[in-house]
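Observations on the model geometry
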Amino acid sequence: MKRNLPILVFFVFIACFFMQCKKEDRNPDNKAEENPIELLEAAVFEDGGVQLVAQINKVPDNTEKYGFVISIDSLIGPYNGQFHYIDDKPLEKGIVRKDFHSQLQKNRKYYYSFFTINDSTNLKIYPSRSFVSTGSKQVKIDSISSNLAHLADSIYIYGKYFSKRYISVSFGSVVASANVLNDSVLMTYVPGDLIEVAPVVKVNYDTSTKVVSNTFSLYKPVIKKSTNDVSINGTVTIEGEHFDLDTNRMSIYFDQVRATILSADRNQIKVRVPEDLEKVKSSLVINAQKQRITSDATFNLLMPTLDAVPSSGKAWQEIILKGKHFHPQLHKNKVFFEGVEADLLNGDTSFLRVKVPMGPFPRRVAKVKLKLLDGEVSYKTDFKLNDVWVMVSRNFPGDRESLDVRSIEGNVFASTFGNSYGDHKMYLHKWNSSNYTWTTVTNTSVPGSVVALNDKLYYCRSAGGESQLKEYDYKTNTWTELPEPPKFEERYLTTAFAAGNYIYLLFSQPWGQTELTFPMHRYNRLTKKWEEVAGMPSDLYGASEWNRAFSISNGKIALVGAGATISNSGNLLVYNIASNQWTATPVGGPTFLAGATGFTYNDQIYIIPSSSSNYDFNSRSIYRYEGNRWTKLKDLIGPDDGVFHGDDSKAFVVGNKAYVLVWNQGIVGIFEALLADLK
């Protein structure tokens, strides 16, 4: 009996076990009440992530939200876990699974549980279990929505395991934020501050990086056409493709000059033609999508038009030019009269008020042109100069003023010092009246006076005990030595003139002496002898200074004058050739005679006075000597508002025209008048 007792106990245990099982089978709700939700499994994946599985035996009353919670703490509470809601359907009895791919560290132990929240927001966390993680799953990249895009375009990246991660997208070195739309789709924007046109696109997550595309690139803008012949500040429309929507990221240039963008979309840009445009023709350059492109066609600026210009006027007169499309910046409109720029006074895009320049106007008319940038337009007819005296040239052969200008047989010669102060020669230059140019024909070793007699020029010099007389034949370009003039140790030759067959030389008072005597000698070109004639009476001259003397003869008389430049001391005297006598000229004649000049026409002598050093008088007036009176001509040389002064003038006649060369520390100009117009 004792030997069979263990066997009996075993069978009694088995019988009790089966009876209990039958009892439970008969009451399943008891188990659900005691354990409504069971954690069945944490299936850890080898490549990272985990699948959590729970058995729902009974749905807790009024459950509105549910899910899994993961924590590194075994005692999971409301504030120490990551709650992952399952929102796709209401909680039902059965198996609930959820995959977790991110936010898991490798080889770390995690605790997990199931939670429910009822309609009263009461949180219920069920008993937890644990697992050891193999880490998070690596993001997988499948494709990109497009490998071509514009700045600020949205880009979609397709793949797996994007959810529950902080993900950014790199375009080269520029990082853009990403919006995780779901576990397999990311959305990002092409950064506006992108540096590269074709950057490598990467996804950045956790501590890893995945290449999305090596072939991504911005669209290249294309210019198809643009409006042309537009004026300054006008609107140019550029049509094409792939322009930028943000005008702050885009720039338009006309060559190197930036333009203001008025509006822009993907296919059209409107810009304003810049006021500081540099050329009439320029290339349109667009900087967009981080690329620089240049139009194949050239932009042409709409040039201004000259619609109305006065038919005539005077130098220095203000006139108005009317037209269209003038530059709004006044100084950029360049108005020229026969190539000489005019002063711009005021104006706008439809008119310009200008001052007609002084010249030169060799044709006595002027072609009026308007230059804008590197282009120009001309008015249809010439502008006529109404001045009696018109500047026809500003050419002169030397940098220093002329000594004498003489005309013989229609040929004009000017004598000058050398251009450098170390050059002590005197040069003779011949004038071409057809084009107003000068040609140097000969020179002498020392400066002197030059007079014209018949068809020859005569060079005279007498000073410091030395003297010389030479004859120049311009036809053969040869010099001939003649008997030397009288010479004085203490006198010098001041002025010379010719009349009949004689050359007259007037000498200064003795140096350093108070005695005022002015001897005169003449040379007879027929007998080739010198003789003394009546000297200039000092009492008639009436002054103690003799400076820059001048003389002019019509063959019958000679007018002789000189004087201090500032004080204007000295009278203008008349020397009668036939009677060998000196007389005073009538009152009312010219003053400031030092450096004066003149010319003859129809046996009448015209005198042009010089300037005073302080410019309270200038050499623009002309006086005609009529024997017993002076007549001041009504027309001045040059503009009538005193815009220039002539320190030194030289006058001559060629044919039916008179010329005055005005010098003021440089050539002012050569003025021309028809002799018949001198009234």
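Located above this text is the structure these notes cover.
What you are looking at is a predicted structure, and each value in this text was computed from that prediction instead of being measured.

1. Comments concerning the overall build of the protein
The secondary structure content of the protein amounts to three helices and 59 strands. In terms of overall size, the protein is more extended than a compact globule, its C-alpha atoms giving a radius of gyration of 55 Å where 679 residues would be expected to give roughly 26 Å. Projected onto the principal axes, the alpha-carbon positions of the protein cover approximately 200 × 50 × 45 Å. Relative to its full complement of 679 residues, the protein shows a buried share of 48%. Expressed as a percentage of contacts within the protein between residues at least 6 apart in sequence, the contacts between residues at least 24 apart total 52%. For the protein, the exposed area adds up to about 33200 Å²; of that, 47% sits on carbon and sulfur atoms. Computed over 75 positive and 72 negative side-chain charges, the separation of the two mean positions in the protein equals 5 Å.

2. Focus on the nonpolar core
Of all hydrophobic cores here, the largest spans 44 residues; its most connected members are Ile238, Ile286 and Phe337. Apart from residues no more than four positions distant in its own chain, isoleucine 238 is found in contact with Ile223, Lys225, Ser226, Phe243, Ile252, Asn267, Gln268, Ile269, Val271, Leu284 and Ile286.

3. What about empty space enclosed by the protein?
In total, this model carries one cavity of 30 Å³ or more according to the counting rule given. Volume-wise, the largest cavity comes out at about 40 Å³. Across the lining of the largest cavity, the residue classes tally to nine nonpolar, one polar and one charged.

4. A look at the pattern of salt bridges
Under the definition given, this model contains 26 salt bridges. Two residues, lysine 137 and aspartate 47, come together in a salt bridge whose shortest N-O distance is 2.6 Å. Note that lysine 137 is positioned in the loop between strand E8 (129–134) and strand E9 (140–144) and aspartate 47 in the loop between strand E1 (37–44) and strand E2 (50–56), a separation of 90 residues in sequence. Since its relative accessible area comes to 6%, lysine 137 is described here as buried. Between glutamate 626 and arginine 624 there is a salt bridge; the shortest N-O distance is 3.0 Å. Linked through salt bridges whose partners overlap, the residues forming this network are Glu338, Arg363, Lys367 and Asp382.

5. What about the sheet that holds strand E24 (residues 291–300)?
Judged by pairing direction, the sheet is antiparallel, and its seven strands sit side by side in the order E18-E19-E22-E21-E20-E23-E24 without closing on themselves. The open sheet has two free edges, formed respectively by strand E18 (222–226) and E24, since each of these has just one partner strand. If you compare each strand with its neighbour and ignore which way they point, the axes differ by 35° on average. Relative to strand E23 (residues 281–288), strand E20 (residues 251–254) runs antiparallel, the two being bridged by four bridges. Bridge assignment links serine 251 to a residue of E23, and that residue is asparagine 287.

6. Quick notes on the sheet that holds strand E29 (residues 340–341)
Sheet strands line up and pair through hydrogen bonds in the backbone, either parallel or antiparallel. Strand order in the open sheet formed by four strands is E29-E28-E33-E34, and the pairing between neighbours is antiparallel. The two strands at the open ends of the sheet, each matched to only one other strand, are E29 and strand E34 (375–378). Relative to E29, strand E28 (residues 333–337) is paired through two bridges, and the arrangement is antiparallel. Across the sheet, the residue bridging to phenylalanine 336 is glutamate 341, located in E29.

7. Quick notes on the side chain of serine 213
Tracing the backbone shows serine 213 in strand E16 (residues 208–213). On the accessibility criterion, serine 213 (5% relative accessible area) is buried. Of the polar contacts made by the side chain of serine 213, one reaches the backbone nitrogen of phenylalanine 216; its length is 3.2 Å.

8. Side note on the packing of aromatic side chains
Scanning all chains against the criterion turns up 31 aromatic pairs. Between phenylalanine 68 and phenylalanine 114 the ring centres are 5.1 Å apart and the planes differ by 90°, which places this aromatic pair in the edge-to-face class. Here phenylalanine 68 is found in strand E3 (residues 63–71), whereas its partner phenylalanine 114 is found in strand E6 (residues 106–118), with 46 residues between them in sequence. Its relative accessible area of 0% is what places phenylalanine 114 among the buried residues. Where phenylalanine 171 meets phenylalanine 216, the ring centres are 5.5 Å apart and the plane angle is 65°; that geometry is what we call edge-to-face. Of the two residues, phenylalanine 171 sits in strand E12 (residues 167–171) while phenylalanine 216 sits in the loop between E16 and strand E17 (217–218), which places them 45 residues apart along the sequence.

9. Some remarks on the environment of valine 139
Mapped onto the elements, valine 139 comes out in the loop between E8 and E9. Looking at valine 139, the relative accessible area reads 0%, which means it is buried. In this structure, the C-alpha to C-alpha distance between valine 139 and aspartate 183, residues 44 residues apart in sequence, is 9.7 Å. Apart from residues lying up to four places away in sequence, valine 139 is in contact with Lys160, Tyr161, Phe162, Arg165, Tyr205 and Lys210.

10. Description of the environment of alanine 42
In this fold, alanine 42 is placed in strand E1. Taking C-alpha positions, alanine 42 is 8.5 Å from arginine 129, a pair spaced 87 residues apart along the chain. Contact partners of alanine 42, with chain neighbours within four places excluded, come to Val50, Gln51, Leu52, Tyr112 and Phe131.

11. Describing the layout of surface pockets
Estimated volume of the second largest pocket: approximately 310 Å³. Taken together, 15 residues line the second largest pocket, and the ones lying closest to its centre are His84, Lys98, Asp99, Ser163 and Lys164. Residue assignment for the lining of the second largest pocket shows that the elements contributing at least two residues are strand E4 (82–85) and strand E5 (94–100). Among the residues making up the lining of the second largest pocket, the classes are represented as four nonpolar, six polar and five charged.

Criteria and cut-off values
- Residues numbered from 1 in each chain as written.
- Predicted model: local features only at pLDDT ≥ 70, side-chain atom pairs only at ≥ 80, totals over all residues.
- Heavy atoms only, no water.
- Helix = DSSP H or I, 4+ residues; strand = E, 2+ residues; numbered from the N terminus.
- Rg over C-alpha atoms; globule rule 2.2 N^0.38 Å.
- Buried < 20%, exposed > 50% of the residue type's maximum accessible area, 1.4 Å probe, protein only.
- Contact = heavy atoms within 4.5 Å.
- Areas by Shrake-Rupley, 256 points an atom, 1.4 Å probe, with all protein chains shown as cover.
- Lys, Arg positive; Asp, Glu negative; His and termini not counted.
- Charge placed at Lys NZ, Arg CZ, Asp CG, Glu CD.
- Core = buried A, V, L, I, M, F, W, Y, C linked by side-chain atoms within 4.5 Å.
- 1 Å grid on protein atoms, 1.4 Å probe; cavity = no way out; pocket = protein on both sides within 12 Å on 5 of 7 lines; lining within 4 Å.
- Points joined across faces, edges and corners; volume = space filled by probe spheres on them.
- Nonpolar A, V, L, I, M, F, W, Y, C, P; charged D, E, K, R; others polar.
- Salt bridge = Lys/Arg side-chain N within 4 Å of Asp/Glu carboxyl O.
- Pairing = 2+ DSSP bridges.
- Axes fitted to C-alpha atoms, helices over the stretch in contact; angles between N-to-C directions.
- Polar contact = N/O pair within 3.5 Å; in protein donor to acceptor, adjacent residues only side chain to side chain.
- Phe/Tyr/Trp six-rings, centres within 6.5 Å; stacked < 30°, edge-to-face > 60°.

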